[in-house]
Structures are given as structure tokens and as C-alpha cells.
Amino acid sequence: MRELIGSHDLLFVTLDTLRYDVAAGCLQAGRTPYLSKVLPGGVWERRHTPASFTYAAHHAFFAGFLPTPVTPGPHERMYAARFGGSETSGPGTYVFDAPDLPTALAAAGYHTVCLGGVGFFNPAAPLGRVLPGLFAESHWEKAFGVTAPDCLGAQLDRLETIVHALPPAKPLFTFVNVAALHQPNRHYVPGAGSDDLSTHAAALEYVDSRMGRLFDLVTGRGRPCQVIICSDHGTLYGEDGHTGHRVAHEAVWTVPYADFILDAR
């Protein structure tokens, strides 16, 4: 990633709470046709998240600790905050002298934008201002949140306004936290009375239907775009008696991951 800084826009998407098994199953069943076209090799990479819930995972992500490949390492990281003793920075790693990626990219001339989704990005409480506070520009509204059926569509409406107002010469780092997969997601299956794996999968189908517009927006500025898309953690729907996340369970720790470059339109 080191050689891309300045010449490429950057897009980081977290599909909040998306389980790896559901993501892989939907892909295999043809339920996420747009993602199947853009994921390298047409598949999700199976990785392990650094944390079991949104707030902790995103702090790790922004410091350079993306989900880790499940194969034995060490694995070279895409980017990393410089610190003594790091053993996973290599020749391609973008190493920065800042505590987090948004701050580093701002120093490198990028405009940094956060479009929050779940409650940890809701600025109504001080805790919800911490992660958005890393960015030059941040947005959250109820229409972006977990109870809004077209939450990603509302985020993209805001992103379209931002992109059109930004000078083309200014590189852009866009971060989008997508709330659709998070409970409650029963509204994606008409008549569903509760959240379960089927409503979780239906939420992913909804997200897939909006990804084309997202990628069109970030590639329409005349420069290529480095994309990172992953889940921050999985979630449980009754497995071993658990509902939700923030527990040490295989379905929570195992997440889908992909990175790739989109050409400019």
C-alpha cells in the first residue's frame, strides 16, 4: 500500500457484525452477485478479527491491525502505526508516525471522511465521538443506523454530496461503517418476528444491492481507489446459548475480508 499513497483514493468499508459463514454461503449461493464480481477470485478471505465488538475492533483497524489471515504468519500488514518491536511491517507496508490511519492520511494531504452506522458512531454520547473524531469530516444520523432499512442508501446519498463538493485534485479517504447486518435485521425478511441467520443473510443481500453505487462514487473522481472491505466481528443467534457478540466464539472471531484496487472511471 505504501506506493499508493497520494496517487490513489482509499475506501475502507466495515460490514458491521457480518459473519464469515453467512458471507461465504451467500456468495456460493449467488445471493451477492455484485460482490462476487469484485472480490479477488470471487471469494471472501477467511480471517480472524482483533476484537469481538465494534469499538475495540475499529481502534485496532485504524492503528494498522486489520483482521489476520488464518494461515500461519507472520503476515505483512498493509499499513501500520510505527512502534518499536513491530514484526509485521514489510517493504509494502505504509508505515506512519501517527497513532491512527485517518490522522496519518490527513498529514499526507487526504480529506478524511467517516460515515458512521452503529451506535459507537452516534455523536449523541461522548463515547460515540471518539472514532468519528479521528476524521476531518464525520456524519451520523438515525437514517444511517441499525433500525433504518435503507441505512447504506442514506449514507451513499451523503457521500455523493461530499464527493461532488471535493476538488478532484484532493485525495479522499472514505470510511463507511455499514449497520445493516447488526441486530435488529428482521426487517429485511417480510413477516419475520425475530433476528436469525436468515435475516442476517437477507441484510447482506440488501447491502450487495447498494455496493455498485458505492464503488461508482469512489471511482468517479478520476483516480483509482484502494478498497478494504471486511467485517469487524461476527455475531451469535443462539449458538451455545449465546445471542449477540463480545464473547470468545468462533462465529464472532472469524470474519470475511478482501482488499483490491478499483480503476478510475
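Small disclaimer: the values here were computed from a predicted structure and weren't measured.

Enquirer: I keep staring at the overall build of the chain and nothing clicks. Help me out?
Expert: Helices and strands together make up the secondary structure of the chain, namely seven helices and twelve strands. Over its C-alpha trace the chain gives a radius of gyration of 17 Å, about what one expects of a compact globule, namely 18 Å for 265 residues. Residues counted as buried form 53% of the 265 residues belonging to the chain. If you take every contact in the chain between residues at least 6 apart in sequence, the share linking residues at least 24 apart comes to 69%. When the accessible surface of the chain is totalled, it reaches about 10700 Å², and 55% of it is carbon and sulfur. Separation between the mean location of the 19 positive side-chain charges and that of the 25 negative ones in the chain comes to 4 Å.

Enquirer: Looking at this model, I keep getting lost on the side chain of Thr254. Mind explaining?
Expert: Following the sequence through the fold, Thr254 ends up in strand 12 (residues 254–262). Here the side chain of Thr254 touches Glu250 through a polar contact of 2.5 Å, side chain to side chain.

Enquirer: Whenever I open this one, helix 6 (residues 197–219) confuses me. Can you help?
Expert: Given 3.6 residues to a turn, an α-helix orients residues that are three or four positions apart in the same direction. Given a rise of 1.5 Å per residue, 23 residues ought to cover 33 Å, and the 33 Å separating the end C-alpha atoms of helix 6 matches this to within 8%. Of all the bends in helix 6, the greatest measures close to 35° and is centred on Arg210.

Enquirer: Is there a simple way to explain the side chain of Arg223 in this structure?
Expert: As for its position among the elements, Arg223 is in the loop between helix 6 and strand 9 (225–230). A polar contact of 3.3 Å, which involves the side chain of Arg223, links it to the side chain of Asp9. Polar contacts involving the side chain of Arg223 include one to the main-chain carbonyl oxygen of Pro168, which spans 3.3 Å.

Enquirer: How should the sheet that holds strand 6 (residues 111–115) be read in this particular structure?
Expert: The pairing of strands in a sheet comes from backbone hydrogen bonds and takes either a parallel or an antiparallel form. Pairing in this open sheet of eight strands is mixed, and the strands run 3-2-12-9-1-8-6-7 from one edge to the other. The open sheet is flanked by strand 3 (68–69) and strand 7 (137–139), the only strands paired with a single partner. Where strand 6 lies against strand 7, three bridges are found, and the strand directions are parallel. Along strand 7, the bridge assignment pairs Cys114 with Ser138. Strand contacts of helix 1 (residues 20–28): strand 2 (45–48) and strand 12, with the helix running at about 55° to strand 12, the strand carrying the most contacts.

Enquirer: Sorry if this is basic, but what is going on with the packing of aromatic side chains here?
Expert: Each pair of aromatic rings is reported with the distance of its centres and the angle of its planes. Considering all chains together, one arrives at 16 aromatic pairs under this definition. For the ring pair Phe121 and Phe175, a centre distance of 5.8 Å and an interplane angle of 40° mean the geometry is tilted. Of this pair, Phe121 sits in the loop between strand 6 and strand 7 while Phe175 is found in strand 8 (residues 172–178), placing the two residues 54 residues apart along the sequence. With respect to burial, Phe121 and Phe175 carry one shared label: buried. One aromatic cluster in this structure is built from Phe12, Phe61, Phe62, Phe121, Phe135, Phe173 and Phe175. Over the ring of Tyr257 we find Arg47; its NZ or CZ atom is 3.7 Å from the centre of that ring. Above the ring of Phe65, the side-chain terminus of Arg77 is found at 4.2 Å from the ring centroid.

Enquirer: Just checking my understanding: could you explain the pattern of salt bridges for this structure?
Expert: Opposite charge on two side chains makes pairing possible when the charged atoms of those side chains draw close. Evaluated as defined, the whole model comprises 14 salt bridges. With its nearest N and O atoms 2.7 Å apart, the salt bridge here joins Arg19 to Glu239. Within this pair, whereas Arg19 is found in the loop between strand 1 (9–15) and helix 1, its partner Glu239 is found in the loop between strand 10 (236–237) and strand 11 (243–244), the two being separated by 220 residues in sequence. Under the relative-accessibility criterion, Arg19 is labelled buried at 4%. For Glu239, a relative accessible area of 21% puts it in the partly exposed group. As a salt-bridge pair, Asp150 and Arg210 come within 3.1 Å of each other at their nearest N and O atoms.

Enquirer: Even after reading the chapter, I still don't get the pairing of strand 6, so can you show me in this structure?
Expert: Moving residue by residue along a regular strand, the side chains alternate between the two faces of the sheet. The buried fraction of strand 6 amounts to five of the five residues, a majority that puts the element mostly inside the structure. Neither face of strand 6 is open: one carries His111, Val113 and Leu115, the other Thr112 and Cys114, and all of them are buried. Note that strand 6 and strand 8 share five bridges and pair parallel. In the strand pairing of strand 8, Leu115 is matched with Val176.

Enquirer: Looking at this model, I keep getting lost on the nonpolar core. Mind explaining?
Expert: Nonpolar side chains in soluble globular proteins tend to end up buried together. The biggest cluster of nonpolar side chains holds 78 residues, and the ones touching the most others in it are Phe12, Trp44, Tyr79 and Phe215. With eleven residues, the single largest contributor to this core is helix 6. Ignoring sequence-local partners within four residues, the contact set of Phe215 consists of Leu11, Tyr34, Val38, Val227, Phe260 and Leu262.

Here is what the cut-offs are and how they apply
- Residues numbered from 1 in each chain as written.
- Predicted model: local features only at pLDDT ≥ 70, side-chain atom pairs only at ≥ 80, totals over all residues.
- Heavy atoms only, no water.
- Helix = DSSP H or I, 4+ residues; strand = E, 2+ residues; numbered from the N terminus.
- Rg over C-alpha atoms; globule rule 2.2 N^0.38 Å.
- Buried < 20%, exposed > 50% of the residue type's maximum accessible area, 1.4 Å probe, protein only.
- Contact = heavy atoms within 4.5 Å.
- Areas by Shrake-Rupley, 256 points an atom, 1.4 Å probe, with all protein chains shown as cover.
- Lys, Arg positive; Asp, Glu negative; His and termini not counted.
- Charge placed at Lys NZ, Arg CZ, Asp CG, Glu CD.
- Polar contact = N/O pair within 3.5 Å; in protein donor to acceptor, adjacent residues only side chain to side chain.
- Expected span 1.5 Å × (residues − 1).
- Bend = angle between axes of the 7 residues up to and from the residue.
- Pairing = 2+ DSSP bridges.
- Axes fitted to C-alpha atoms, helices over the stretch in contact; angles between N-to-C directions.
- Phe/Tyr/Trp six-rings, centres within 6.5 Å; stacked < 30°, edge-to-face > 60°.
- Lys NZ or Arg CZ within 6 Å of the ring centre and 35° of its normal.
- Salt bridge = Lys/Arg side-chain N within 4 Å of Asp/Glu carboxyl O.
- Core = buried A, V, L, I, M, F, W, Y, C linked by side-chain atoms within 4.5 Å.

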